[in-house]
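Each chain is listed here by its residues.
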Amino acid sequence: MPPSPQSSPPDTPLPDPRDYVQDGAVLIGCSRQGHDLVPECIELRLANRHGLVTGATGTGKTVTLQVLAEGFSAAGVPVFAADIKGDLSGVGAKGEPKPNLVQRAQEIGLARYGNAAFPVAFWDVLGEQGHPVRATVQEMGPLLLSRLLELTEPQEGVLNIAFRWAEDERKAGDPKMEILDLKDLRGVIDEMGKQATALRSKYGNIAPATVGVIQRSLLVLESQGAEKFFGEPALDINDFLRTGPDGRGVINILSAERLMNTPRLYATFLLWLLSELFEKLPEVGDLEKPKLVFLFDEAHLLFNGARAAVLDQIERVTRLIRSKGVGVFYVTQSPSDIPDRISAQLGNRIQHALRAFTPKEQKAVRAAAQTFRKNPELNTERVIQELQVGEALVSVLHNKGEPSVVQRTLVRPPMSRVGPLSPQERQALIVGDAANRQKYAQTLDRESAHERLKARNSTVGQVKDKILRFGNLFNLNR
Ligand SMILES: Nc1ncnc2c1ncn2[C@@H]1O[C@H](COP(=O)(O)OP(=O)(O)OP(=O)(O)O)[C@@H](O)[C@H]1O
Ligand SMILES: [Mg+2]
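Computed from a prediction, not measured in an experiment: that's the story for all the values here.

Asks: Just to check I follow, could you spell out the domain arrangement of the protein chain for this structure?
Replies: Many descriptions give the size of an interface as the accessible area lost when the pieces come together. Assigned domains of the protein chain: these are domain 1 (5–133 + 235–437) and domain 2 (137–230). Placing a centre on the C-alpha atoms of domain 1 and another on those of domain 2 gives a separation of 37 Å. Listed as interface residues are 22 residues of domain 1 and, on the opposing side, 16 residues of domain 2. Linking domain 1 with domain 2 are 3 salt bridges. For R307, the salt bridge goes to E156, with nearest N and O atoms at 2.7 Å. Counting residues per element, the ones that place at least two in the side of domain 1 that touches domain 2 are α8 (263–280), α9 (300–303) and α10 (308–320). Per-element accounting of the side of domain 1 that touches domain 2 gives the leading share, 9 residues, to α8.

Now the structure itself:
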């Protein structure tokens, strides 16, 4: 049985976040069914069947994400969430009993409503608002990198050659020819340009114009701050799977305020993270509760202008990551932002209000209404437009995994702060997170392709290089 709401006693004892998790389900809010208030919950064992949170701007999406993050954390499930406006950071501070929140608690008869802070870890691709998150260029791979560089297919072909050539060089006795950061990639592309004629017979045509385009795209990427992201120490995704000393899951918050200025970097980075989780986590099948819940805000950016190969990858990762124990919740304004084949995999649904002024919006509302299992008591299409802030249509997976009948639901108020942390509060939490700080604060710049190519291109370097290669081939340098 899910947690049941009761009328709140006058002297509310200290709240326990775990109150909102009972019998393997996380409370989202309550619906009114006749004279009864009925709790609406996400079942932990079905949270890896993913979800979708939608609604127009200002309708309560971020607060709903906060409620989900709190609930999963309280259930001992670590969370990863991108924080687009900085306001989700408040989950790390104890909230205040503001009148609108207390009123909501009373409306849904929430017993013992009170405030609490949640365990958080802050991350930032740009390394300012959290621990730096890095990946090596090799880990990201040519498919995602091409998307980042906005390359055409022939240009992507040349990028593929760069990866293959560097790999062949490593195999041929120069193990340090690794492409770790953007300097390395630039070095490899430059070198391929120079050796185009020699490389043609083995790898195919490497047109100078194409090399030029890739170099220019790399410059643009660097100017967007991406050189901070590529390099080492690379993120170990196991660091997203931690729980605090009291057993609550750590809520990993990616600061995305500045990152959102470069939407393509944001979307590609999150897709890379999902792919990493998918590749690195072991197969576990269906668990009692997920190992991680991934809240993907502004998810439409993932699909905007994505090529078929990227869409295929998103679909594949979304489908298969389930058996790695990861639940993904996409968050966007309208369900029509998500391609059907991906949308079909998102079982738990929370729909906040949508506006329908233009014919296109009206169509989107109709389509959104049709995705729900019908409730004869509700005119879904009308209700979607009437929903108040912090109110949503909710349908979750239950029993054998079928969707529940859609219910008009008042989302519970969060226990943590609604609104951002101050810069001082955030810094204190980052500094206090010693383990991640020690591991990630300093950039590591070991010898790789950039240095190797520079050495090879000097006269002394060429001699040394020959000796090194022979040495490595005959195991003399070990
Ligand atoms: N469940 C709730 N209980 C009480 N108040 C709520 C609830 N949800 C939202 N609110 C109120 O509505 C305000 C706006 O909500 P929120 O920031 O979640 O909207 P949003 O959809 O994320 O907006 P945006 O699109 O601008 O980011 C909150 O600051 C809060 O005061
Ligand atoms: Mg918001």
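Asks: Please clarify how unusual backbone geometry should be interpreted in this entry.
Replies: Cis geometry marks the peptide bond from E232 to P233, where omega comes out at 0 degrees. Within the secondary structure, P233 is located in the loop between α7 (208–223) and β8 (251–255). Phi is positive for E150, which is not a glycine, with a value near 55 degrees. Relative to the assigned elements, E150 resides in the loop between α3 (137–149) and α4 (153–171). In this structure E150 comes out as exposed when scored by relative accessible area, which is 56%.

Asks: Would you explain the site of ligand 1 in this entry?
Replies: The local shell around ligand 1 holds 17 residues, among which G58, K61, T62, V63 and K85 are the closest. At 2.8 Å from an oxygen atom of ligand 1 is found a main-chain nitrogen or oxygen belonging to V63. Surface burial for ligand 1 is 78%, taken as the share of its 630 Å² of free accessible area covered by protein chains. Elements with a minimum of two residues in the shell around ligand 1: α1 (61–74) and α2 (99–107). Residue composition of the shell around ligand 1, by class: 6 nonpolar, 7 polar and 4 charged.

Asks: I'm lost on the pairing of strand β10 (residues 326–332) in this one. Help?
Replies: When a strand is regular, its side chains alternate between the sheet's two faces. The buried fraction of β10 is high, at 7 of 7 residues. Side chains of β10 alternate between two faces, with V326, V328, Y330 and T332 and G327, F329 and V331 buried alike. As defined by bridge partners, strand β4 (residues 51–54) adjoins β10 across 4 bridges and the pair is classed as parallel. When the bridges of β10 are listed, G51 appears paired with F329. Sheet analysis places strand β9 (residues 292–296) next to β10, joined by 5 bridges and oriented parallel. Within β10, the residue paired with F294 across the bridge is V328.

Conventions used here
Residues numbered from 1 in each chain as written. Chains lettered and ligands numbered in written order. Predicted model: local features only at pLDDT ≥ 70, side-chain atom pairs only at ≥ 80, totals over all residues. Heavy atoms only, no water. Domains from an automatic or database assignment. Contact = heavy atoms within 4.5 Å. Salt bridge = Lys/Arg side-chain N within 4 Å of Asp/Glu carboxyl O. Helix = DSSP H or I, 4+ residues; strand = E, 2+ residues; numbered from the N terminus. Buried < 20%, exposed > 50% of the residue type's maximum accessible area, 1.4 Å probe, protein only. Near = heavy atom within 4 Å. Polar contact = N/O pair within 3.5 Å; in protein donor to acceptor, adjacent residues only side chain to side chain. Areas by Shrake-Rupley, 256 points an atom, 1.4 Å probe, with all protein chains shown as cover. Nonpolar A, V, L, I, M, F, W, Y, C, P; charged D, E, K, R; others polar. Pairing = 2+ DSSP bridges.

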